[in-house]
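Analysis of the macromolecular model
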Amino acid sequence: MKNTIKNIKLFTVIFGLIFPTFGVGSENNHISDARSSALGDASVSLSSPENPSSNSLHRESSLAIHYANPFGVKELSTVSAQLFYANRMLDLGVSLSRFGYEKYNETTISGYFSRKLSSRLALGVRINYLSLMMSEYEDRKSVLSGDIGFLAEVLPKLTIGMSVDHLLRTKYSTARGDFEMPLILHLGANYRQGKDLMLVAEIEKDNLNDPLLKIGCEYLSLEEVALRIGLLTNPYRPTFGIGYSTGHFVFDVASIYHLILGFNTQFSMKYKF
Amino acid sequence: MNRLLITFLLLLIFSNIFSQIVDNKDNSWSDFVNEIAESTSNEQNINNLYEELSQIHENPFNINQIDRNQLERLPFLSEEQIENIQAYLYVNGPMKSIFELKLVKDLDMKTIEMLLPFVYLGEPPVSEQKIAWQKLFRKAKQTTYFRFDSNLNEKVGFSPKVDSADSRYLGTAPYSFFKYDFNAGNKIQFGFVAEKDAGERIKDGFFSFHFLMKDVGIVKRLALGRYKLAFGQGLAMNTNFAMSKSILASNVATRAEGVSRHFSTDEINYLQGAAITLGYRKHLFSFFVSAKNAAASINDSVLSSIKTDAYFNTENDLKQRNGVMMYLAGTNWQHRFGALKLGATAVYYAFDKPLKPEIRKDNYFSFRGRDNWNVSIDYQYRWRRFFAFGETAMSVNGALASLNGLSVNVSSTFKTTLLQRSYSKSYQAYYSASFAESSRTENEQGVYWGIQWNPYRYWRLSGYADAFRFPWLKYGVDAPSDGYDVMSQLDFYPKEWLKMYFRYKVKQKEKNLTDPDAIVYVVGKYDLQRFRYQCDFSTGDRISFRTGIDYNVYNEERKNGTDGFALSQSISKSFTKLPLEFDAQILLFDTQSYDNVIYSSEKNVLYVFSFPSFSGKGYRYSINLKYDLNSKLSFWLKYAETNYSNREIISSGLEEIKGHSKSDLYFLMRWKM
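Residues numbered from 1 in each chain as written. Chains lettered and ligands numbered in written order. Predicted model: local features only at pLDDT ≥ 70, side-chain atom pairs only at ≥ 80, totals over all residues. Heavy atoms only, no water.

This part covers the overall build of chain A. Along its length, chain A carries 3 helices and 16 strands. The buried share among the 273 residues of chain A stands at 53%. For chain A, the share of sequence-separated contacts (at least 6 apart) that also reach a separation of at least 24 residues comes to 47%. Summing over all exposed atoms, chain A offers an accessible surface of approximately 13200 Å²; the carbon and sulfur share of this is 64%. (Helix = DSSP H or I, 4+ residues; strand = E, 2+ residues; numbered from the N terminus. Buried < 20%, exposed > 50% of the residue type's maximum accessible area, 1.4 Å probe, protein only. Contact = heavy atoms within 4.5 Å. Areas by Shrake-Rupley, 256 points an atom, 1.4 Å probe, with all protein chains shown as cover.)

Structure follows, in structure tokens:
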């Protein structure tokens, strides 16, 4: 009985939340690191995997792994890893991300190419290869897409960021018809007040759904410990998290709270070099 | 020397601003109460807050003798601000000028503006070993109040009966009360209240007596007669005000005063008997007992419901009077361990007849039976810029209610608070009042986040976002439901004579949709968005103006959206040669439906919180006068009239008025004996 309820719950969650978005192109395995998630996912103006140019404004090489486990259902987990390498010619990066379980999964491989154009402006592009396993009875689908983004420090305290996901994309065919990834625009800013406070906001809009507003706040209560809080809309979800940095390592934990489904808990570990 | 110099400079710089604030004493804090009123469904809660603040306003605290308990009664002060005021007085000694408030760390102009009506610069404290009782009684303040309100139209309830079975009001139309207050140096207070509601006979009115003694030896509080109790965050015991969502977005912790007197005309939220708080070292022990009659509906010696209003003006209401005897006994312990404050409360209460409300799906988990008890543990902890607070309570059926919050004072310009609550659907606490979207602390889970940010001088951004869920059905909502409540307000106050704000609020919830074709109710979403712009300005000569623009949009699934609009203008003038204050306001409203109701904050006679709501099309104007005959005798008079352009009948039932206008007269006399 307990298993039946669990299965029904799982079925409802997957079909209710995942497939409607999947049917028009999936975003399940976009890499969201725990820091960004704790800040309401308002990450386009931060050094986060969301913005293809994020690696270049502060020229930082790093290796990171991320794990997201929504609502305690392991079949909905996403595991991802990314490597950024900053160098004089062109900053490079690569990431690998996998969402789902054996009967349904998505795997994305992305390449990042970015460059600092001036002391206050960075521009980047990302090429994604998405492989979809939608059903046992269908072949694996493949999609290619290209993203672009920039980061600009317009004032010493204010940075704005923008990215367009799937600006170029290919279609894929299923038994239900042809689909393509949605075009998504992220526009955001972060404002630093003093040494210990950062406020961040972002608007996300794709060509199919209502806009999402994202707001977050990060407070460095101690130099090594960051407390984070945020929210995102449609549906309304509060977010929280904590980060700890020591030497070359940064550890972040975050949770996005859904009123009905519960907590989407995420963990990130980054090594900076 | 430096301090004197700084004070002198501040005097030069801020004298204009302060004098402006002193002239406009009421506005800032009554705005804060109005804003809470708009966010809450608990009207009595707001009246309690307003009366409490009005009483302090009438008898302000001496800033040089102010103690923590007194500061905690001002809900707009944060924990850190309270500590900073105390620290300032401790380090620098008594203030020489009220302008020194500006020197207190983290006390911004907005907060000072709200604080000023409640404090005055008085004598520094004198260390006395023995209480000079004779001196205290000789200098005691005695005040009497007499209020008289009346509606000037003929209501159906006062008209002759057409049929012998018709119900009519038994008493006369006016509302009236008489209050007497005796206060000997805040050590001994006693008083009584006699009140008659509109339509009530005098003998069916509300009569109340209280006695309160404070800080005499180990007795910190002793209350006899009618009194109020509030402990922790109010999850087990709170008959007082509970903090709610407001423009002070990061102040949401409820401050429990413990034992306090009941001097208001609230006929529901009080206890009757005795309560005592004893102090031993850093421990505080409270014990309380109460026995009181309450109005209730009774069927075959079983209580079906306890009356939630206090009108006894018809035969049917009188049948419910004194329907149930409610007994209560309990205890509370509080202790400070440095920065940590811990408390525990246990309360037992019983009814003389079993309470068995009719079983419906939504009240399936409500309390049924003859007695119940609640226990709780509460805490407060301050560490650096962090303030944590919370309470967890349990009812006899084992159900839990828990509230936990964390406030972070990031800097003097940025504060934020996170609050989580989880109240079980079967948590039962009759005397509970705490932070909640619903009017009761049951069947609710939620996460609240509030911020206050002063990014630049003269600018303030405040906002909150609250997400909540009701795991069980509610009255009018036949399914588990959820929703959110978001507010953001931008204040701009560039000059001492000019301030303005823009506010946006949106609340989405779920309810049974009234679809005529539906066989069963369908639960669907509805939301209300409110926009408000307000501008206060003064042209000198003690004249000030307030302009308000309100617009709201209501949307409901399966229905077309509706909107509402209102425009208001008020003028206030106080005279220098005459002890007279004059206020007038006009409001024009136009709403498409009742869902677009417009709230208006309106000045009223002392102690009366006025927050009328309007729907339909029409206008309202009010005129308010205050006249001080001498330092002891003051009079307030208000006349208000509402005219509807699309109605020929106002209200319904016994309150029905034939015609398109409704007018009311209010009068209050205060005599400081």
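Picking up after the structure, the text goes on.
Take the overall build of chain B next. Counting its secondary structure elements, chain B contains 8 helices and 33 strands. By its C-alpha atoms, chain B is 80 × 55 × 50 Å across when sized along the principal axes. Across the 673 residues that make up chain B, the buried fraction comes to 54%. Relative to all contacts within chain B whose residues are 6 or more apart in sequence, the contacts with residues 24 or more apart total 61%. Surface exposure of chain B reaches about 30200 Å², of which carbon and sulfur atoms provide 57%. The distance from the centre of the 82 positive side-chain charges to the centre of the 73 negative ones in chain B is 7 Å. (Lys, Arg positive; Asp, Glu negative; His and termini not counted. Charge placed at Lys NZ, Arg CZ, Asp CG, Glu CD.)

Moving on to the nonpolar core. Residue and element names in this part refer to chain B. Residues Val-33, Phe-76, Leu-77, Ile-85, Leu-101 and Leu-115 are the most contacted members of the largest nonpolar core, which totals 38 residues. Elements with a contribution of two residues or more to this core: α2 (27-39), α3 (43-58), α5 (79-92) and α6 (109-115). Those residues in contact with Ile-85 that sit more than four places away from it in its chain are Ile-63, Leu-71, Leu-77, Val-104, Leu-107 and Leu-115. Core analysis: the next-biggest nonpolar cluster, separate from the first, contains 23 residues, Leu-271, Leu-303, Tyr-349 and Phe-367 among them. (Core = buried A, V, L, I, M, F, W, Y, C linked by side-chain atoms within 4.5 Å.)

Residues and elements named next belong to chain B. Bridge count for strand β3 (residues 141-151) against strand β4 (residues 175-184) is 9 bridges, and the pairing is antiparallel. Within the sheet, the bridge partner assigned to Phe-146 lies in β4 and is Phe-178. In terms of strand pairing, β3 meets strand β33 (residues 661-672) through 9 bridges, oriented antiparallel. Among the inter-strand pairings, Asn-151 is bridged to a residue of β33, identified as Asp-664. (Pairing = 2+ DSSP bridges.)

For residues with low pLDDT, the predicted coordinates do not support detailed interpretation. Of the residues in chain B, 94% have a pLDDT of 70 or more, and the chain-wide mean is 89. Every residue in residues 14-24 of chain B is under pLDDT 50, and counting partners more than four places away or in other chains gives 20 contacts. (pLDDT = per-residue confidence, 0-100.)

The α-helix winds at 3.6 residues per turn, so residues separated by three or four positions along the chain end up facing the same way. Helix length check: α3 of chain B (16 residues) gives 22 Å between terminal C-alpha atoms against 22 Å at 1.5 Å per residue, within 8%. The buried fraction of α3 of chain B amounts to 13 of the 16 residues, a majority that puts the element mostly inside the structure. (Expected span 1.5 Å × (residues − 1).)

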